[in-house]
2 protein chains.
Amino acid sequence: MSFFDDDTQLTQGPPGQYQGQVQPHWNIGSNPNGGYLLALAAQALRRALPTQPDPLSVTAHYLQPGLGSQPCRVDVQTLRQGRSLSTASATLLQDGQPRLALLASMGTLHAAAAPMLTLPRPAMPPPEQCPPRSGHAQGVSLPILERLDIRLDPSHADPGQGRSQVGGWIRFRDGREPDPLACLLFVDAFPPALFSRLGPVGWVPTVELTVQLRARPAAGWMQAQFWTEDLSDGRLIEDGALWDSQGRLVAQSRQLALVRLPAAG
Amino acid sequence: MSFFDDDTQLTQGPPGQYQGQVQPHWNIGSNPNGGYLLALAAQALRRALPTQPDPLSVTAHYLQPGLGSQPCRVDVQTLRQGRSLSTASATLLQDGQPRLALLASMGTLHAAAAPMLTLPRPAMPPPEQCPPRSGHAQGVSLPILERLDIRLDPSHADPGQGRSQVGGWIRFRDGREPDPLACLLFVDAFPPALFSRLGPVGWVPTVELTVQLRARPAAGWMQAQFWTEDLSDGRLIEDGALWDSQGRLVAQSRQLALVRLPAAG
């Protein structure tokens, strides 16, 4: 076992109901990281559909912040069960309140094989030459960095006009190897891509996060890149991608987030 | 009124239930276009949340093909009602079977203003210099092209290594101007981007489609671009974007689709 496996464990309640505990070790400040909550909810989907355990596409809408040291319940409803693909929805609740609503198509991922088309892995220095993500940001502590080793590509600073990006490397500190569930956490564990352009502009709460898992990752460091090319009217879209240690694309992500910029002038 | 307004009309049934009719005029072959079904289901979300009528982010998972000339029912469940943003799920059923499952964050879109960051509008010839999309493809007829005027950018053929793309212009033939609901149709009305690289390789069924609406479009032709940079293991991701006649980005889209390529050799 590992911290991540321990902290995403669920016990089966009545049919379609799973119980767990949201652990504070994955917090950003005093709130659980959105990717951790997504992984917890996706764990319930895996349990409900054991022969199609991998989210080929999963969307989460964040209804209310989670509670970092409290039990949770995940209700799963299977909408369609197919031969190679099934669709299910899930709701993660704490304190009787829905926090996260999910919709997912589940199937079975394979190890990454030669793709016909693929997003090329970005060039960046190896993890040893990339500084670690700081355990504090904007006056809040990031307990999650005691669980995750995140290195930031120092060359990301200005990717050019119209784009803000952040990239680097990620792995569990306790040596647990990445798998599809871990990818759901990893796509939401870097600083917002916007910060590289505007600096830390405050809380950037996620409205919706969609992850397409494309292949089962190989063991080792994963490489990540996130970028924002669309910010207007107080909302931004952040795209992301993860590559495994073999350089193969294993996940794409996109989120809609709110941003409250200081008034100009 | 217009054909699109007529064909996405719903009547209120019991609380949270809306009834409509799937019209065959939006078919691709004998199946309703996925974007049309999405617009129909989103119409029910608009009705259920009249003060926040615009899908800021909506995800649809396609459970079964729709039926082109049959009644439909859309069940809506509001998951969270907020001051500026609400979240709801919806299911479109025909013949007692769920066809489409939706999860959406609803709010209010504004006319596009100066963005802080934005995807630049691609250069392409004006609509008059772009050939219309053919009303037949791979042996099936496309009745939807009697409703939609779609022009294809002739310069898209090969955007370079690792990417397949299609782009062009789109508007309603009856002069109805675009709005957020129309954008949900428009992001799924072009030929698959993959075809520009591989030719028509057969049916490319959508598993999941997510659309982020970013602004209320101005009147006139809309410009569209769709591209695939990720195809492996029988699944592809197609990204898309729509710009209005003022050149402002109004929507982004991403879908996961299945593709069955003829065996090599």
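Residues numbered from 1 in each chain as written. Chains lettered and ligands numbered in written order. Predicted model: local features only at pLDDT ≥ 70, side-chain atom pairs only at ≥ 80, totals over all residues. Heavy atoms only, no water.

**With respect to the overall build of chain A**
Along the backbone of chain A there are 4 helices and 16 strands. Here chain A has a C-alpha radius of gyration of 18 Å; the compact-globule value for 265 residues is 18 Å, and the two agree. By principal-axis analysis of the C-alpha atoms, chain A measures approximately 55 × 45 × 35 Å. In chain A, buried positions account for 59% of the 265 residues. Intrachain contacts of chain A at a sequence separation of at least 6 include 68% that bridge at least 24 residues. Total accessible area on chain A is roughly 10,100 Å²; 50% of this is exposed by carbon and sulfur atoms. (Helix = DSSP H or I, 4+ residues; strand = E, 2+ residues; numbered from the N terminus. Rg over C-alpha atoms; globule rule 2.2 N^0.38 Å. Buried < 20%, exposed > 50% of the residue type's maximum accessible area, 1.4 Å probe, protein only. Contact = heavy atoms within 4.5 Å. Areas by Shrake-Rupley, 256 points an atom, 1.4 Å probe, with all protein chains shown as cover.)

**Overview of the sheet that holds strand E11 (residues 148-152) of chain B**
All names here are of chain B. Reading across from one edge, E1-E2-E6-E7-E8-E5-E13-E16-E15-E14-E12-E11 is the order of the 12 strands in this open sheet, with antiparallel pairing throughout. Two strands in the sheet have a free side with no partner beyond their single neighbour: strand E1 (11-12) and E11. Sheet topology note: the strand E15 (residues 235-243)/strand E16 (residues 249-258) ladder contains 9 bridges and is antiparallel. Bridged to isoleucine 237 within E16 is leucine 256. In the packing of helix H2 (residues 34-48) onto the sheet, contacts are made with E1, strand E2 (17-21), strand E5 (54-62), strand E6 (71-81), strand E7 (86-94), strand E8 (97-107) and strand E13 (206-213), and the angle to E8 comes to roughly 55 degrees. (Pairing = 2+ DSSP bridges. Axes fitted to C-alpha atoms, helices over the stretch in contact; angles between N-to-C directions.)

**A closer look at the relation of the copies chain A and chain B**
Structural alignment of chain A on chain B gives an RMSD of 0.0 Å, achieved by rotating through 180 degrees and translating 0.0 Å along the axis. In the structure described here, the two chain copies are related by an operation that fits a two-fold rotation axis. (Least-squares fit on C-alpha atoms with pLDDT ≥ 70 in both.)

**Looking at the pairing of strand E13 (residues 206-213) of chain A**
All names here are of chain A. Most of E13 is tucked away: 8 of the 8 residues are buried. The sheet contact formed by E13 and strand E16 (residues 249-258) spans 7 bridges and is antiparallel. Along E16, the bridge assignment pairs leucine 213 with alanine 251.

**As for the packing of aromatic side chains**
Counted by the stated rule, this structure contains 12 aromatic pairs over all chains. Between phenylalanine 4 of chain A and tryptophan 26 of chain A, the ring centres sit 5.8 Å apart and the planes meet at 70 degrees, which makes this aromatic pair edge-to-face. Within this pair, whereas phenylalanine 4 of chain A is found in helix H1 (residues 3-7), its partner tryptophan 26 of chain A is found in the loop between strand E2 (17-21) and strand E3 (27-28), the two being separated by 22 residues in sequence. On the basis of relative accessibility, which here comes to 1%, the residue phenylalanine 4 of chain A falls in the buried class. Classification of tryptophan 26 of chain A as buried rests on a relative accessible area of 0%. An aromatic cluster of at least three residues, connected via ring pairs, comprises Phe4, Trp26, Tyr36, Phe172 and Phe186 of chain A. It is arginine 147 of chain B that lies over the ring of phenylalanine 3 of chain B; its NZ or CZ is 3.7 Å from the centre. (Phe/Tyr/Trp six-rings, centres within 6.5 Å; stacked < 30°, edge-to-face > 60°. Lys NZ or Arg CZ within 6 Å of the ring centre and 35° of its normal.)

**Looking at the interface of chain A and chain B**
Residue-level contacts link 50 residues of chain A with 50 residues of chain B. Surface buried jointly by chain A and chain B totals about 4,300 Å² across both partners, of which 57% is contributed by carbon and sulfur atoms. It is Leu117, Arg214 and Arg254 of chain A that lose the most area in chain A upon contact with chain B, and together they represent 19% of the buried surface on that side. Put simply, aspartate 230 of chain A and arginine 214 of chain B hold a salt bridge, and the shortest N to O gap is 2.9 Å. Of all the elements in the fold, those that place two or more residues in the side of chain A that touches chain B are strand E5 (54-62), strand E6 (71-81), strand E8 (97-107), helix H4 (195-198), E13, strand E14 (222-232), strand E15 (235-243) and E16 of chain A. Residue composition of the side of chain A that touches chain B, by class: 24 nonpolar, 15 polar and 11 charged. (Buried area = accessible area lost by both parts, 1.4 Å probe. Salt bridge = Lys/Arg side-chain N within 4 Å of Asp/Glu carboxyl O. Nonpolar A, V, L, I, M, F, W, Y, C, P; charged D, E, K, R; others polar.)

**Quick word on the side chain of threonine 8 of chain A**
Looking at the element boundaries, threonine 8 of chain A is found in the loop between H1 and strand E1 (11-12). At 2.8 Å, the side chain of threonine 8 of chain A forms a polar contact with the backbone oxygen of phenylalanine 4 of chain A. (Polar contact = N/O pair within 3.5 Å; in protein donor to acceptor, adjacent residues only side chain to side chain.)

**Concerning empty space enclosed by the protein**
Overall, the coordinates contain 1 cavity of 30 Å³ or more when judged by the stated rule. Here the largest cavity defines a volume of roughly 30 Å³. Along the walls of the largest cavity sit Glu208, Thr210, Gln212 and Arg254 of chain A together with Glu208, Thr210, Gln212 and Arg254 of chain B, which together make up its complete lining. Contributions of two or more residues to the lining of the largest cavity are made by E13 of chain A together with E13 of chain B. The class makeup of the residues in the lining of the largest cavity is no nonpolar, 4 polar and 4 charged. (1 Å grid on protein atoms, 1.4 Å probe; cavity = no way out; pocket = protein on both sides within 12 Å on 5 of 7 lines; lining within 4 Å. Points joined across faces, edges and corners; volume = space filled by probe spheres on them.)

**So, the sheet that holds strand E7 (residues 86-94) of chain A**
All names here are of chain A. Across the sheet, which stays open at both edges, the 12 strands sit in the order E1-E2-E6-E7-E8-E5-E13-E16-E15-E14-E12-E11 with antiparallel pairing between neighbours. Looking along the sheet, the strands with just one partner apiece sit at the ends: E1 and strand E11 (148-152). Sheet topology note: the E7/E8 ladder contains 9 bridges and is antiparallel. Across the sheet, the residue bridging to threonine 87 is serine 105, located in E8.

**Observations concerning the pattern of salt bridges**
Applying the stated criterion to the full structure yields 24 salt bridges over all chains. We note a salt bridge from arginine 46 of chain A to aspartate 54 of chain A, for which the minimum N-O separation is 3.4 Å. The class for aspartate 54 of chain A is buried, based on a relative accessible area of 0%. Salt-bridge contacts for aspartate 149 of chain B lead to arginine 171 of chain B; the nearest nitrogen and oxygen are separated by 3.7 Å.

**Quick look at a nonpolar patch on the surface**
A cluster of nonpolar side chains, contributed by Met116 of chain A together with Leu198 and Leu261 of chain B, occupies part of the molecular surface with about 230 Å² of accessible area. With respect to the helices and strands, leucine 198 of chain B occurs in helix H4 (residues 195-198). (Patch = residues over 30% accessible without salt bridge, like charges linked within 9 Å, V, L, I, M, F, W, Y side chains within 5 Å.)

**Some remarks on the pairing of E8 of chain B**
Residue and element names in this part refer to chain B. A large share of E8 lies buried, amounting to 9 of its 11 residues. Across 8 bridges, E5 lies against E8 in antiparallel orientation. Pairing of valine 58 across the sheet is with alanine 104, part of E8. Two successive antiparallel strands, E7 and E8, enclose a turn made up of 2 residues, where aspartate 95 displays a positive phi of approximately 55 degrees.

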